[in-house]
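Chains, contacts and geometry: an overview
Chain residues, written in single-letter form:
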Amino acid sequence: AANTAILFIVGLPLSDLVYSSTIHASRRKTAQGPVKDNAYSFEAAKEDPIQFSLWWERFIKEWSRLNRRITVPDPEQRLPFKLNPGSSGTFFDSQISINSLGFRDREFEVEKGNQYRIVTLGESTTMGITLKNDDRPWPKVLEALLQSELKCAKPIEVINAGVAAYDLRHNLVRLKSDVLRLKPDMIISYHG
């Protein structure tokens with residue numbers, strides 16, 4: 001028991017120090033070159049932990065910069081933040097724009113007219129934190145597919161009401177305050 005305690009007290013911190021200094025030296029060496037754009041998963045980084053770690057550090061910096069541009073505190077303090085109407089910013093090579101109603105979508109009228117309106121709720125996967133300029137969030141892909149594949153009596157509109165970092169509770173608040181006034185014919189809620 002005494003030997004085990006000594007190993008934990010001395011050996012573990014020592015091995016951690018050696019490992020950490022090796023990783024930091026490797027990062028400094030690797031950081032001099034460009035971060036691979038396709039290292040967004042460990043598999044895509046070709047199982048290179050340094051490249052994967054560098055990519056996620058870049059991701060966090062990009063996200064923090066974008067977040068400062070497109071979000072504002074919720075004045076009612078019911079939500080962690082709100083999307084800032086009329087704001088925009090870049091995320092990697094993608095332009096992220098928030099319309100005048102506070103949705104990551106094109107401008108649209110609150111009154112739907114003759115359209116069949118689908119509103120999508122969710123988190124970052126719905127909002128579409130896209131990396132490249134020609135990437136589209138899934139609600140826009142759905143809208144394009146419905147418009148091209150179906151022959152409907154009414155035009156179909158899909159509105160993206162997703163907000164990154166919102167959970168189901170937050171989206172229920174947003175459902176009441178922002179979504180129901182749009183008079184959707186269908187609501188799709190997708191949470192991870």
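In this text the structure is predicted, and so the values were computed from the model without any measurement. (Residues numbered from 1 in each chain as written. Predicted model: local features only at pLDDT ≥ 70, side-chain atom pairs only at ≥ 80, totals over all residues. Heavy atoms only, no water.)

Per the secondary structure count, the protein includes five helices and seven strands. Here the protein, with 192 residues, has 33% of them falling under the buried criterion. Of the contacts made within the protein by residues no fewer than 6 positions apart, 57% connect residues no fewer than 24 positions apart. Entry remark: accessible area of the protein is about 11800 Å², with carbon and sulfur atoms responsible for 58%. (Helix = DSSP H or I, 4+ residues; strand = E, 2+ residues; numbered from the N terminus. Buried < 20%, exposed > 50% of the residue type's maximum accessible area, 1.4 Å probe, protein only. Contact = heavy atoms within 4.5 Å. Areas by Shrake-Rupley, 256 points an atom, 1.4 Å probe, with all protein chains shown as cover.)

The next thing to look at is the pairing of strand E6 (residues 156-160). Buried residues dominate E6, accounting for five of its five residues. By the alternation rule, side chains of E6 split into Ile156, Val158 and Asn160 and Glu157 and Ile159, which are all buried. Across five bridges, the pairing between strand E5 (residues 116-122) and E6 is parallel. Paired with Arg117 across the strands is Glu157, a residue of E6. (Pairing = 2+ DSSP bridges.)

By volume, the largest pocket amounts to about 190 Å³. Forming the boundary of the largest pocket are Ser94, Gln95, Ser97, Arg104, Asp105, Arg106, Asn133, Asp135, Pro137, Lys140, Glu143 and Asn160. Every element with two or more residues in the lining of the largest pocket is listed here: strand E4 (94-97) and helix H4 (138-149). In terms of residue count, the dominant contributor to the lining of the largest pocket is E4 (three residues). (1 Å grid on protein atoms, 1.4 Å probe; cavity = no way out; pocket = protein on both sides within 12 Å on 5 of 7 lines; lining within 4 Å. Points joined across faces, edges and corners; volume = space filled by probe spheres on them.)

Across the seven residues of E5, six count as buried, placing the element largely inside the fold. Relative to strand E7 (residues 186-190), E5 runs parallel, the two sharing five bridges. Residue Val119 lies in a different strand from E7, and its bridge partner there is Ile187.

Of note in this structure, Ala165 is not a glycine but carries a positive phi near 80°. Following the sequence through the fold, Ala165 ends up in the loop between E6 and helix H5 (168-179). Look at Ala165 and you get exposed, because its relative accessible area is 57%. Here the phi dihedral of Lys183 falls at roughly 50°; this positive angle occurs in a residue that is not glycine. Counting through the fold element by element, Lys183 comes out in the loop between H5 and E7.

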